[in-house]
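# An overview of the molecular structure
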Amino acid sequence: MANFAFGLGVGTKSSAGDLLEVYYNAPLLNADDAMIAAVAEKVGYTGGNAAIEIKESQLKALEAAFLSVGAEDQAEIVEILEGTTQALFVTILETDAEPATTAEVYLKLALLSHRLVQPHGLSLAGMFGLLPNVAWTSEGAVSMDDLSKRQLAARAQGRMLHVYSVDKFPQMTNYVVPEGIRVGDASRIRLGAHVGEGTTVMHEGFINFNAGTMGVSMVEGRISAGVVVGNGSDIGGGASTMGTLSGGNNVVISVGENCLLGANAGLGLPLGDRCTLEAGLYVTGGSKVTVLDDQNNEVGVVKAGELAGKTDLLFRRNSQNGRIEVKTNKSAIELNEELHKHN
């Protein structure tokens, strides 16, 4: 039986029965066909993309199905879930079609943050309409309609219900902590971020969904939705990247390998490898850039977008006349090896 992705999830519903979120502990990409067939028989799956809500009483049969095909990891998850009163879902995606349910969206976000799929590797069209605004609290996800009463009930019991954020997306680390990363402030990384092994995200660093790093990086600035940062590249303090939700439109902003965005710099075009953007300089595709040769002689003026994806470039601001200049970055950028060694 063909499949694209599989997840056994435990979710949270509102008092009205609306699904708020789903946690997939160990999602699978291209799961074993025999496993999918065994599970399908137990949960009534007949094909296509489906998020099937199951009862706790079905878990024993599901555990046996997993064990029959050697899926011990999934069977262990089932064993832990036995006795739960939370909503349970078996989500099977036969294809990477755009999601149709909240449970399907959460499976796709989990695939990204588990590093099973790279950013732009999934169809997420229409996802915003499927994700409810949720109060993310010290007691988990709470619907906006339930929040006031839940706060009152907590006070009546002499305690505080802390509301950490109100958003469509939870923080990634409440769903998965990928191996080999350091994070200063976990609330600044959304579920659906892809954080590469060896990445350090400092306290002011931010990574949005469907975006992230491919390997060793120091992130002290903002990686917006859809932006991919190559291995060995650093995003300096206060630096920002223009995402598809913040003016990048259909242009996919990216940072190549071994690049540096200086502190408070801004990027609005794709960079190739070994490029440097000077601190404080914001360059968009429409910025007029003066091209210099090796002797710092003016060669011509182009729109920065014409340099998209080109390697070994140094973008800088001329402190005397204020123009943006670009020249070959012969020395490239030697990142702090000692810093990255201990990421």
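The rules we used
Residues numbered from 1 in each chain as written. Predicted model: local features only at pLDDT ≥ 70, side-chain atom pairs only at ≥ 80, totals over all residues. Heavy atoms only, no water. Phe/Tyr/Trp six-rings, centres within 6.5 Å; stacked < 30°, edge-to-face > 60°. Helix = DSSP H or I, 4+ residues; strand = E, 2+ residues; numbered from the N terminus. Buried < 20%, exposed > 50% of the residue type's maximum accessible area, 1.4 Å probe, protein only. Pairing = 2+ DSSP bridges. Salt bridge = Lys/Arg side-chain N within 4 Å of Asp/Glu carboxyl O. UniProt positions renumbered as here; feature names shortened; annotations may be inferred. Contact = heavy atoms within 4.5 Å. Patch = residues over 30% accessible without salt bridge, like charges linked within 9 Å, V, L, I, M, F, W, Y side chains within 5 Å. Areas by Shrake-Rupley, 256 points an atom, 1.4 Å probe, with all protein chains shown as cover. Arc of directions from axis to C-beta.

To continue, consider the packing of aromatic side chains. Following the criterion strictly, the structure yields six aromatic pairs and no others. For the pair phenylalanine 128 and phenylalanine 169, a centre-to-centre distance of 6.1 Å together with 70 degrees between the ring planes defines the contact as edge-to-face. Taken together, the positions of phenylalanine 128 in the loop between helix 4 (102-113) and strand 6 (134-137) and phenylalanine 169 in the loop between strand 8 (163-167) and strand 9 (182-183) put the pair 41 residues apart, joining distant regions of the chain. Accessibility expressed as a relative area gives 37% for phenylalanine 128, which makes it partly exposed. When its relative accessible area of 2% is taken as the criterion, phenylalanine 169 is described as buried. Where phenylalanine 128 meets phenylalanine 209, the ring centres are 5.7 Å apart and the plane angle is 75 degrees; that geometry is what we call edge-to-face. Taken together, the residues phenylalanine 128 in the loop between helix 4 and strand 6 and phenylalanine 209 in the loop between strand 11 (206-207) and strand 12 (212-213) connect sequence positions 81 residues apart.

Next up on the list: the environment of glycine 70. Looking at the secondary structure, you find glycine 70 in the loop between helix 2 (59-68) and helix 3 (72-81). The spatial distance from the C-alpha of glycine 70 to the C-alpha of asparagine 231 is 36 Å, given a sequence separation of 161 residues.

For strand 23 (residues 288-292) and strand 24 (residues 298-303), the ladder comprises five bridges, and the chain directions are antiparallel. Considered in strand 24, the bridge of leucine 292 is made with glutamate 298. In the sheet, strand 23 pairs with strand 26 (residues 324-328) via three bridges, with the strands oriented parallel. Bridging from a neighbouring strand, valine 289 pairs with isoleucine 324 of strand 26.

Bringing the pattern of salt bridges into the picture now. Enumeration according to the criterion identifies 10 salt bridges in this entry. Its salt-bridge partner being aspartate 312, residue arginine 274 comes within 2.7 Å of it at the nearest N-O pair. Highlighted residues: arginine 274 in the loop between strand 20 (266-268) and strand 21 (276-277) and aspartate 312 in the loop between strand 24 and strand 25 (313-317), separated in sequence by 38 residues.

In the UniProt entry, the feature "binding site: succinyl-CoA" (unreviewed entry) is given for Arg222, Gly237, Ser240, Ala263, Glu278, Ala279, Gly286, Lys303, Arg316, Arg317, Asn318 and Ser319. Their sequence span is 98 residues, while the largest C-alpha to C-alpha distance among them is 26.2 Å; these annotated residues do not converge on one region. Looking at the secondary structure, you find lysine 303 in strand 24. Overall, the relative accessible area of 44% leaves lysine 303 in the partly exposed class. Each residue touching lysine 303, except ones within four places of it in the same chain, is listed here: Gly285, Gly286, Ser287 and Lys288. Position of arginine 317 relative to the elements: it lies in strand 25. The class for arginine 317 is partly exposed, based on a relative accessible area of 39%. Apart from residues lying up to four places away in sequence, arginine 317 is in contact with Glu278, Leu281, Gly322, Arg323 and Ile324.

With respect to topology, 10 strands assemble into an open sheet ordered 9-10-13-16-19-21-25-26-23-24, the strand pairing being mixed. Every interior strand has two partners, whereas the edge strands, strand 9 and strand 24, have only one. Relative to strand 21, strand 19 (residues 260-261) runs parallel, the two sharing two bridges. Bridging across to strand 21, leucine 261 finds its partner in leucine 277.

Moving on, we come to unusual backbone geometry. Even without glycine at this site, asparagine 210 takes up a positive phi of about 55 degrees. Looking at where asparagine 210 falls in the secondary structure, it is placed in the loop between strand 11 and strand 12.

For helix 1 (residues 33-43), every residue scored as buried is listed here: Met35, Ile36, Ala38, Val39, Ala40 and Val43. In this fold, the buried residues of helix 1 make contact with strand 1 (5-13), strand 3 (28-29), strand 4 (50-54), helix 2, helix 3 and strand 5 (87-93). Positive phi appears at glycine 44, one or two residues downstream of helix 1, with a value of about 80 degrees.

Attention now goes to a nonpolar patch on the surface. On the surface, Met144, Val163 and Val166 cluster together into a nonpolar patch covering about 230 Å² of accessible area. By the element assignment, valine 166 lies in strand 8.

Moving on, we come to the UniProt feature "active site" (unreviewed entry) in the chain. Those places that UniProt annotates as "active site" (unreviewed entry) correspond, in this numbering, to Glu220. If we skip the residues at most four places from it in the chain, glutamate 220 touches Met202, Glu204, Gly205, Ile235, Gly236, Gly237 and Gly238.

So, about helix 3. Among all positions in helix 3, only Gln74, Ala75, Ile77, Val78 and Leu81 are buried. Projection of helix 3 onto a plane perpendicular to its axis shows the buried side chains occupying an angular sector of 155 degrees, all on one side. Exposed and facing more than 90 degrees away from the buried side of helix 3 are Asp73 and Ile80. Its buried side turned inward, helix 3 meets strand 1, strand 3, helix 1, helix 2 and strand 5. Just downstream of helix 3, glycine 83 is the residue with a positive phi angle, here 95 degrees.

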